[in-house]
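Below, each chain spelled out in residue letters.
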Amino acid sequence: MKFGEAFREYLHGDQEKFLDKCSHVEYKRLKKVLKRCRRSSLGSQEVCRDSLEEQEEDRDQENRLFECVVCDQMFFSELMKEVSDIAGCFNTKARRLLHLHVAKGMQGYVLWFRQCFRDDKLAMAEEGRMLMEYVTMNAIAIRKILKKYDKVHSSVNGNVFKSKMRAEHIELLQSPWLIELGALFLNINGVDGGRFSEFCGNFSCDLDASEPVMRLTLPNSVTIDYSLTCAICLDTVFNPYALSCGHLFCKSCACSAAFVPIFLGLKEATPDSKCSICREAGVYQNAVHMMELDLLLKQRCKENWKERMVAERALIVKQTKEYWDMQTKYAIGY
Ligand SMILES: [Zn+2]
Ligand SMILES: [Zn+2]
Ligand SMILES: [Zn+2]
């Protein structure tokens, strides 16, 4: 089945009610825009030709963007708005769904899960599945439409747009909430002895590999690996946080990079503190605490997790003492 058809079927499938309040990519309409452009450029040879010639000349000057008078007014501004809406909708809904149970801590979580009615669990897993389908289908639609744009115009604008999405932190498949959702599925399945395996079919993880990863398989069989290695300590992330740029670190590592004691937390980082990987500033204040991922690692790498917890606690005690010693020194002046 062609993707266009699959996407249309998806939009009018069982989840219509769920999609009611969510934006989605206007795949069909954007495709029509491109089709019209191709026809007009073939017919009159006027509309896109000038810009194409210009592009030939400028091939070396990468900074100069190709422009298409027919498509560009609508195409990228509309797509950008759709993508931000979809990212906003997905992040809000995923946050709400995930917040339901991680607040209880692991023991409460397992208990709650065992007592919880099967129907409730099913409803939750079902909503998670719909959210995941929502984000993956739209992400594929975006990739396809951008590729088409570049093919029609033989441009690189589509690719440039992709980096723009990354810079604006709205690239759908890089949302930390997607990793959290994946961890939720793997956790549910772990607690419930595999009864929910149909839901986590798209997610798997390999935590024993030298580079531990969570893997997402998209409906078009493309796989995406999310590295679970902390770029600072080079170990598997522990008590992980995702900064606004999307990079994952252990809480203790992120705190040390931002020069704040662990017990004060990442919110206390100054706005000019930068991510250790991409050097972007201002990414600490809205960092996402990856609690489902932490539960997953706690359950599946028990020994390592315990060791790391003991080390983190010792560090917190040490830092707290140093911090108060400093405060006292300031207060009494020696
Ligand atoms: Zn065009
Ligand atoms: Zn680390
Ligand atoms: Zn970063």
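The rules behind the values
- Residues numbered from 1 in each chain as written.
- Chains lettered and ligands numbered in written order.
- Predicted model: local features only at pLDDT ≥ 70, side-chain atom pairs only at ≥ 80, totals over all residues.
- Heavy atoms only, no water.
- UniProt positions renumbered as here; feature names shortened; annotations may be inferred.
- Helix = DSSP H or I, 4+ residues; strand = E, 2+ residues; numbered from the N terminus.
- Buried < 20%, exposed > 50% of the residue type's maximum accessible area, 1.4 Å probe, protein only.
- Contact = heavy atoms within 4.5 Å.
- Donors = N, O, S within 2.8 Å, 3.2 Å for Na, K, Ca; no water.
- Patch = residues over 30% accessible without salt bridge, like charges linked within 9 Å, V, L, I, M, F, W, Y side chains within 5 Å.
- Areas by Shrake-Rupley, 256 points an atom, 1.4 Å probe, with all protein chains shown as cover.
- Salt bridge = Lys/Arg side-chain N within 4 Å of Asp/Glu carboxyl O.
- Lys, Arg positive; Asp, Glu negative; His and termini not counted.
- Charge placed at Lys NZ, Arg CZ, Asp CG, Glu CD.
- Phe/Tyr/Trp six-rings, centres within 6.5 Å; stacked < 30°, edge-to-face > 60°.
- Core = buried A, V, L, I, M, F, W, Y, C linked by side-chain atoms within 4.5 Å.
- Domains from an automatic or database assignment.
- Pairing = 2+ DSSP bridges.
- pLDDT = per-residue confidence, 0-100.

As recorded in an unreviewed UniProt entry, the protein goes by the name RING-type E3 ubiquitin transferase, listed as coming from Linum tenue. The heading Catalytic activity (unreviewed entry) in the UniProt record of the protein holds the text "S-ubiquitinyl-[E2 ubiquitin-conjugating enzyme]-L-cysteine + [acceptor protein]-L-lysine = [E2 ubiquitin-conjugating enzyme]-L-cysteine + N(6)-ubiquitinyl-[acceptor protein]-L-lysine."

### Here's the deal with the side chain of Ser 273
Checked against the element boundaries, Ser 273 lands in the loop between helix H10 (251-257) and strand E6 (288-289). Note on Ser 273: relative accessible area 7%, which makes it buried. Look past the residues within four positions of Ser 273 in its chain and what remains in contact with it is Ala 258, Glu 280, Ala 281, Gly 282, Val 283 and Tyr 284.

### With respect to the coordination of the zinc ion (ligand 3)
Within the first shell, the zinc ion (ligand 3) binds the protein through Cys 245 (SG), His 247 (ND1), Cys 275 (SG) and Cys 278 (SG), at distances of 2.0 to 2.3 Å. Written as a sequence motif, the donor residues of the zinc ion (ligand 3) are C-x1-H-x27-C-x2-C.

### Notes on a positive patch on the surface
Positive charge collects at one region of the surface, where Lys 2, Arg 8, Lys 28, Lys 32, Lys 35, Arg 38, Lys 144, Lys 147 and Lys 151 lie side by side. Listing elements by their share of the positive patch, those giving two or more residues are helix H3 (27-43) and helix H7 (118-153). Per element, the largest residue contribution to the positive patch is four residues, and it comes from H3. For Lys 147, the position within the fold is in helix H7.

### Brief notes about the packing of aromatic side chains
Tallied over the full model, the rule gives 12 aromatic pairs. Ring plane angle 65 degrees and centroid distance 5.9 Å describe the contact between Phe 7 and Tyr 27, whose orientation is recorded as edge-to-face. Highlighted residues: Phe 7 in helix H1 (residues 3-11) and Tyr 27 in helix H3, separated in sequence by 20 residues. Across the pair, Tyr 27 and Phe 7 agree in class, each one buried. By way of ring pairs, the aromatic residues Phe 3, Phe 7, Tyr 10 and Tyr 27 are connected into one cluster.

### What to know about the nonpolar core
By size, the foremost hydrophobic cluster in this structure holds 93 residues, and its most contacted members are Phe 75, Met 214 and Leu 293. The greatest single-element share of this core, amounting to 14 residues, is contributed by H7. Split by domain, this core shows at least three residues from each of two domains, domain 1 (1-201) and domain 2 (228-334).

### Some details on the pattern of salt bridges
In total, this model carries nine salt bridges according to the counting rule given. One salt bridge connects Glu 133 with Arg 129, and the closest N-O pair in it is separated by 3.4 Å. Of this pair, Glu 133 and Arg 129 are both found in helix H7, four residues apart, which corresponds to roughly one turn of the helix. Judged by its relative accessible area of 27%, Arg 129 is partly exposed. Here Glu 322 makes a salt bridge to Lys 318, at a shortest N to O gap of 3.6 Å. In this pair, Glu 322 and Lys 318 both sit in helix H12 (residues 302-332), four residues apart, roughly one turn of the helix.

### So, the pairing of strand E3 (residues 223-227)
The alternating pattern of E3 places Ile 224 and Tyr 226 on a buried face and Thr 223, Asp 225 and Ser 227 on a face that is not buried. Two strands pair when backbone bridges link them, and strand E2 (residues 213-217) and E3 are joined in this way by five bridges, in the antiparallel orientation. Across the sheet, residue Arg 215 finds its bridge partner in E3, namely Asp 225. Here E2 folds back onto E3, and the loop between the two strands holds five residues, one of which, Ser 221, carries a positive phi near 70 degrees.

### Overview of the confidence of the model for the protein
Confidence along the protein averages 84 in pLDDT terms, with 82% of residues attaining 70 or more. Residue range residues 43-49 is modelled with pLDDT below 50. Its contacts to residues more than four positions away, or to other chains, number eight contacts. Under a pLDDT of 50 for its full length, residues 57-64 has, in the predicted model, two contacts with residues more than four places off or in other chains.

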